[in-house]
Amino acid sequence: MPRIWSQTIAAHRDAVREATLDATAALVAEHGLTGVTMSQIAKDTGIGRATLYKYFPDVESILRAWHERQIDEHLKQLLQIRDQTDGAMQRLEAVLTAYAAAISHQREHDTDLAAQLHHGEHVAAAHQHLRKFIQDLVAEAAATGAVRQDMPANELAIYCLHALSAASSLHSPPAVHRLVQTTLTGLGNNPQQQHRSRSLQDDHQ
């Protein structure tokens, strides 16, 4: 098969796939998870049902693919924010702020849909990648003295992710901002706090 023709077919397949994901997400947002059928998706994307089934076997598989795309795009956005921000602590704050804002926005999704989609190997791998990403930012900030050093960076990264998960219950940007600032306060380099923490660690050893 000629290369140009092959590229054209691949581009067409990608376009159909993207249109299918977008149409399905819009339909679920409007009708709910149980109110969407393959026939509706085919109609909204302008392709035949037979063609649609060549790409996806059912609605659930489309939603999983859409969710994977959302996760990948979100991670790319966090990487861009990191690369566009100067200063170790500033990078950490900017990334945590964007992460919390995304969680707050996701609260509008159907709860049944969220429960179904937040499983699977892709999601688990993405969470692991995110935790390592935050861990590296924390370690970088700790190396400058801006973040406490009495706890390992991986534990502080877990703390950040769990603390910011509360953003799913917040309904305004100011509230999300306060949550991020409170989380950052917990990371702060407080010499007295670190001294007490080290003393407790010594007592348990």
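The following paragraphs examine the structure supplied in this document. Predicted, not measured: the structure shown is a model, and the values here were computed from it.

Conventions and cut-offs
Residues numbered from 1 in each chain as written. Predicted model: local features only at pLDDT ≥ 70, side-chain atom pairs only at ≥ 80, totals over all residues. Heavy atoms only, no water. Axes fitted to C-alpha atoms, helices over the stretch in contact; angles between N-to-C directions. Helix = DSSP H or I, 4+ residues; strand = E, 2+ residues; numbered from the N terminus. Parallel < 35°, antiparallel > 145°, perpendicular 65-115°, else oblique. Left-handed = near helix turned anticlockwise from the far one by under 90°. Contact = heavy atoms within 4.5 Å. Nonpolar A, V, L, I, M, F, W, Y, C, P; charged D, E, K, R; others polar. Buried < 20%, exposed > 50% of the residue type's maximum accessible area, 1.4 Å probe, protein only. Core = buried A, V, L, I, M, F, W, Y, C linked by side-chain atoms within 4.5 Å.

1. Considerations on the packing of helix H8 (residues 153-164) against helix H9 (residues 173-187)
The N-to-C vectors of H8 and H9 enclose an angle of 160 degrees; their axes lie 10 Å apart at closest approach. Between H8 and H9, the crossing angle belongs to the class labelled roughly antiparallel. H8 and H9 meet at a crossing whose hand is right-handed. Here Leu-156, Tyr-159, Cys-160, Ala-163 and Leu-164 of H8 come into contact with H9, specifically with Leu-179, Val-180, Thr-182, Thr-183, Gly-186 and Leu-187. Here the residues of the contact of H8 with H9 sort into eight nonpolar, three polar and no charged.

2. Some thoughts on the side chain of Ser-61
Within the secondary structure, Ser-61 is located in helix H4 (residues 59-83). A residue is classified by how much of its surface remains accessible, and Ser-61, at 11% relative accessible area, is buried.

3. Structural notes on the nonpolar core
Leu-92, Leu-96, Leu-130, Ile-134 and Val-147 are the most contacted members of the largest nonpolar core, which has 33 residues in total. Elements that contribute at least two residues to this core include exactly H4, helix H5 (88-106), helix H7 (121-143), H8 and H9. Take this core: its biggest share by element is nine residues, from H7. For Leu-92, the contacting residues outside a window of four places in its chain are Leu-137, Val-138, Ala-141, Val-147 and Leu-187. In terms of nonpolar packing, the next biggest core, distinct from the first, is built from 18 residues, Leu-21, Met-38, Ile-41 and Ile-62 among them.

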